[in-house]
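Chain and residue survey
Listed below, chain by chain, are the residues.
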Amino acid sequence: MSITAAVGLLQGLKETDVRFRVHALKKIQLIIDEHWAEIADALMDIEELYEDQGFPERELAALIASKVYYHMEQYDEALRLALESGSKFDINEKSAYVERLISKCIDDYTSKRVRNAEAKSEEEREAIDPKLEEIVNRMFERCLRDGEYYQTIGIALEARRTDMIEQAIRSGEYIDEKLNYTYSLAEKSISSKEFRTEVLELLVRILKERLSASTYYFDLSRCYVSLNNAAELANLLSTLQLESSDSALVALQLAFDLFDSENQQLTSQVCIQLKARELAESDPEKKKEITRLVEVITGKYTHELYMQFLSKNNKTDSLIVTDIKESIPQTVSALQEACIWCNGIMNACTTDDSFLKNNLDWISKTSNWAKFSCCSTLGSIHKGNTANAMVILEPYLNPSHANSNPYSGGGAFYALGLIHANQYNAEVMNTFFSNMTSLGKNDVICHGICLGYGLVGMATGDEAVYSELKTTMFEDSAVRGQAAALAAGLIMLGTGNQDVISDLLTYAHETQHEKIIREISLSLAFIMYGKEEAADELFEKMASDKDAIIRYGAMYLLGMAYVGTGNKIAIRKLLHYGVSDVDNDVRRSAVTNLGFVMARNPEKLPRMVAQLADSYNPFVRYGAAMALGICCSGSANTEALNILVPLLGDNNDFVRQGAIIAIALVLMQVTTGVEPQVADLKKHYDQIYKDKHEDILCRFGAIVAKGILEAGGRNCLIQLISRLGSPRTVSYTHLRAHETSLHLVCRLLLEKKKKKKKKKQ
């Protein structure tokens, strides 16, 4: 049709006879995509027809006006009029106009639903146009009718429509896949903890209905772990354990997975529930079965199996640490300590302490705090060896023994805590209590006892232990005070206890010791572990503090509160402080904590920090390196390595140290067959620590990196997410930066992870 014809039709809109105007609109509808520019001149006339309540084709007029605005790229007006066009707006039409407006419609609807859900008062809530909701509902119906269930679930999750999520899961086939898909999206993509809980409860309800048809116990178990529902977990485990021999095996596997989640608060509550059921049970055989279940959950069998495997399959080359010892000067205590920690990491959980026994003369000449570290590595080497812990450490715990001195004794108490880390033991806690009374006057011994207290009582929320630690902290001694402050955070890990937060924050502003302030800041981060939105208020308070150390802790608080969530708001805040804060340590910690927040999505982090790794600020570059190391540990992520390897040539030794350690983390358990750079990087590390002219920072990093690459007899790696999909508490709390007066290093307590043997094809 020619332009002249289009102009003629537009003239028909001005006719007095309604029939002519309706006819003109119908014809215009057919040519609007080609002649919208000419039709736009009559847009006012078309809108007048829509606004005329007596006009019979108001909806058609609204649709035509909407299409004109669409072509003019005024999408808000186009959507407004499309909603007014009612049934004339056909969502089944395959056109760019319909697809664009449906996308706009869903975006607007989703944003309003999210804002209303997060509104703190009724005044902040925004009314949603029923016509907008009708279009979205029609879109959902179309997706369900076309079998686009995954698309329906994705849109429904964004729009927070649990009714449509449930309908999509129940419709059609492949319910198992849809349940797993929904769980995965809930854990990785939903930023609101409240809505994530609502979705998980929906999954639990569906899974419970299907238990009679098939075994969905593992899916149900991981939902309960994510919901922190101890009562339902205990009920599920006890029911399976007593039902049949086959279901008892499932219960035991679930118990092993529960222990692997490292959530002591949850596991202790489950054990209490199971013990109550055991007392109520009259059948001796059933009592025995429940007892065995409790033993599995507390880690008794896991520790034994891991120790057997790691001790038998220890492939560590003992000559590596011997060569390191001979390559470093006796006068540099930092390198001696690096060598000691290298040995502790290499032999973590293997019970092989032969290097320490064979080099007693060398150890005797180390500095005081190096002796502390030396004894504490016994805890890393013998982690989980709870049966022999006191026998191994007795020579150092007993003050009358020839091998004992305050630094060795303090390190031994710390080692005792490491051996029992995250596994509450009343007898060990009593040992700490009695020795705090008799030996606690010495600052160094008290330092080790406090650290042990925190490790063993992690996440228990024990008020009595906290009270004792608070008293020790208030003595205002830098050495004991910093350990007591950190231990208090470990005891209250994830509890969100407001009274404890108030005590610690108040004292942080009163004390003059920077070490205590720093550990208090980190303790506050531990207390808000996994609290997500509940931690926002405390974060804003700490992030606006004039003390840079407290702001430094605020970055860790955000990282701990949103561990593994990938929360966009948390990421935005960390990026903001990573480039804008006036203090370099705050910047470094902000960028580092991106690794914790993105732990479930390691493939996305390299693109996020690529530009930060090129920053002019060396602290930001260091933080980017450590974020990649933490998030991509053991993954051999090519994008991460492409960012990290160039940093080995950085002009700042501090950044080079971070890159050295981060690369070692990424390449844990990686062979040259998977990543050809491994062999060359190991040789490069050897050259660094042997070079007497190399900076101590780089030599320190290379020595620690050698230990990481050989971790646990070449059978261990850092894994931040458990098999059930929940964050592994111990791994997060131990992957943290410790500062000495001269050097910043990353000391890693490696959690054992059995190396899976590849099945022969």
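A brief report on the enclosed structure follows. (Residues numbered from 1 in each chain as written. Predicted model: local features only at pLDDT ≥ 70, side-chain atom pairs only at ≥ 80, totals over all residues. Heavy atoms only, no water.)

Within the protein chain, the secondary structure is distributed over 43 helices and two strands. Along the longest, intermediate and shortest principal axes, the C-alpha atoms of the protein chain span 115 × 70 × 60 Å. Residue burial in the protein chain is summarised as follows: out of 761 residues, 57% are buried. In the protein chain, the share of contacts with a sequence separation of at least 24, taken over all contacts with a separation of at least 6, comes to 69%. (Helix = DSSP H or I, 4+ residues; strand = E, 2+ residues; numbered from the N terminus. Buried < 20%, exposed > 50% of the residue type's maximum accessible area, 1.4 Å probe, protein only. Contact = heavy atoms within 4.5 Å.)

Looking now at the nonpolar core. Ranked by internal contacts, the top residues of the largest apolar core, which has 169 residues, are Phe432, Ile520, Met555, Leu557 and Tyr685. In terms of residue count, helix H32 (residues 548-561) provides more of this core than any other element does, eleven residues in total. Among all residues touching Leu557, those that are not within four sequence positions of it are Leu524, Ala525, Met528, Ala535, Leu538, Phe539 and Met542. Core analysis: the second largest hydrophobic core is formed by 98 residues, Leu63, Cys223, Leu274 and Leu293 among them. (Core = buried A, V, L, I, M, F, W, Y, C linked by side-chain atoms within 4.5 Å.)

It is worth spelling out the pattern of salt bridges at this point. Taken as a whole and judged by the stated rule, the model has 36 salt bridges. Of the charged contacts in the structure, one is a salt bridge between Arg714 and Glu710, with a shortest N-O distance of 2.5 Å. Its relative accessible area of 34% is what places Arg714 among the partly exposed residues. One network of salt bridges, with partners in common, ties together Glu166, Arg170, Arg205 and Glu209. (Salt bridge = Lys/Arg side-chain N within 4 Å of Asp/Glu carboxyl O.)

Let's shift gears to helix H16 (residues 284-297). Taking 1.5 Å per residue as the helical rise, H16 with its 14 residues ought to reach 20 Å, and the 20 Å between its terminal C-alpha atoms agrees with that figure. Three or more residues of H16 are buried, namely Ile290, Leu293, Val294, Val296 and Ile297. Down the axis of H16, the buried set is contained in an arc of 160°. They therefore lie on one face. Among the exposed residues of H16, those oriented more than 90 degrees off its buried face are Pro284, Glu285 and Lys288. Check the buried side of H16 and you find it contacts helix H13 (230-243), helix H14 (245-260), helix H15 (264-280) and helix H17 (300-312). Two residues or fewer after H16 comes Gly299, characterised by a positive phi angle close to 90°. (Expected span 1.5 Å × (residues − 1). Arc of directions from axis to C-beta.)

A surface patch of like charges, here negative, comprises Asp33, Glu34, Asp90 and Glu93. For Glu93, the position within the fold is in the loop between helix H5 (75-84) and helix H6 (96-118). You can call Glu93 partly exposed: its relative accessible area is 31%. (Patch = residues over 30% accessible without salt bridge, like charges linked within 9 Å, V, L, I, M, F, W, Y side chains within 5 Å. Areas by Shrake-Rupley, 256 points an atom, 1.4 Å probe, with all protein chains shown as cover. Lys, Arg positive; Asp, Glu negative; His and termini not counted. Charge placed at Lys NZ, Arg CZ, Asp CG, Glu CD.)

Relative to the elements of secondary structure, Ser327 occurs in helix H18 (residues 318-327). Judged by relative accessible area, which is 17%, Ser327 ranks as buried. Excluding residues within four positions of it along the chain, Ser327 makes contact with Tyr689, Lys690 and Arg699.

On to the packing of helix H37 (residues 618-631) against helix H39 (residues 653-666). Axis separation between H37 and H39 bottoms out at 8 Å; the angle between their running directions is 10°. Viewed along their axes, H37 and H39 adopt a mutual orientation that is roughly parallel. Residues Pro618, Phe619, Arg621, Tyr622, Ala625, Met626, Leu628, Gly629 and Ile630 of H37 touch H39, and the partners they reach there are Phe654, Val655, Gln657, Gly658, Ala659, Ile661, Ala662, Leu665 and Val666. Split by residue class, the contact of H37 with H39 holds 14 nonpolar, three polar and one charged. (Axes fitted to C-alpha atoms, helices over the stretch in contact; angles between N-to-C directions. Parallel < 35°, antiparallel > 145°, perpendicular 65-115°, else oblique. Nonpolar A, V, L, I, M, F, W, Y, C, P; charged D, E, K, R; others polar.)

Turning to unusual backbone geometry, a few remarks are in order. Phi at Cys349 is positive, roughly 70°, even though this residue is not glycine. Of note, Cys349 is situated in the loop between helix H19 (333-346) and helix H20 (354-358). Since its relative accessible area comes to 1%, Cys349 is described here as buried.

Once that is clear, we can look at the environment of Ile571. Note that Ile571 resides in helix H33 (residues 568-580). A sequence separation of 394 residues divides Ile571 from Glu177, and the C-alpha atoms of the two residues are 30 Å apart.

Note on placement: Ser615 falls in the loop between helix H36 (605-609) and H37. We classify Ser615 as buried; its relative accessible area is 16%. In this view, Ser615 contacts Val620 and Arg621; residues no more than four positions away in its chain are not counted.

A complete count under the given rule lists 15 aromatic pairs for this structure. Seen from their ring centres, Tyr70 and Tyr75 are 6.1 Å apart, and the 50° between their planes marks the pair as tilted. A residue is classified by how much of its surface remains accessible, and Tyr70, at 15% relative accessible area, is buried. On the basis of an interplanar angle of 90° and a centroid distance of 5.9 Å, the ring pair of Phe89 and Tyr97 is categorised as edge-to-face. Assessed through its relative accessible area of 2%, Phe89 is described here as buried. If you follow Arg100 out to its NZ or CZ, it ends over the ring of Tyr75, 4.1 Å from the centre. (Phe/Tyr/Trp six-rings, centres within 6.5 Å; stacked < 30°, edge-to-face > 60°. Lys NZ or Arg CZ within 6 Å of the ring centre and 35° of its normal.)

The next thing to look at is a positive patch on the surface. On the surface, Lys188, Lys568, Arg572 and Lys604 cluster together into a positively charged patch. By secondary structure assignment, the location of Lys568 is in helix H33.

Here Ala348 is to be found in the loop between H19 and H20. For Ala348, a relative accessible area of 0% gives the class buried. Each C-alpha atom of the pair Ala348 and Gly379 lies 8.5 Å from the other, and the pair is 31 residues apart in sequence. Look past the residues within four positions of Ala348 in its chain and what remains in contact with it is Ser380, Ile381, Gly712 and Cys716.

The terminal C-alpha atoms of H15 lie 24 Å apart, and with 17 residues this matches the ideal 24 Å at 1.5 Å per residue to within 8%. Taken residue by residue, H15 has Gln264, Leu266, Thr267, Val270, Cys271, Leu274 and Glu278 as its buried positions. With its buried residues spanning 150° around the axis, H15 presents them on a single face. Structural note: H15 exposes Ile272, Leu279 and Ala280 on the side pointing more than 90 degrees away from its buried face. On its buried face, H15 sits against helix H12 (217-227), H13, H14, H16 and helix H26 (443-456).

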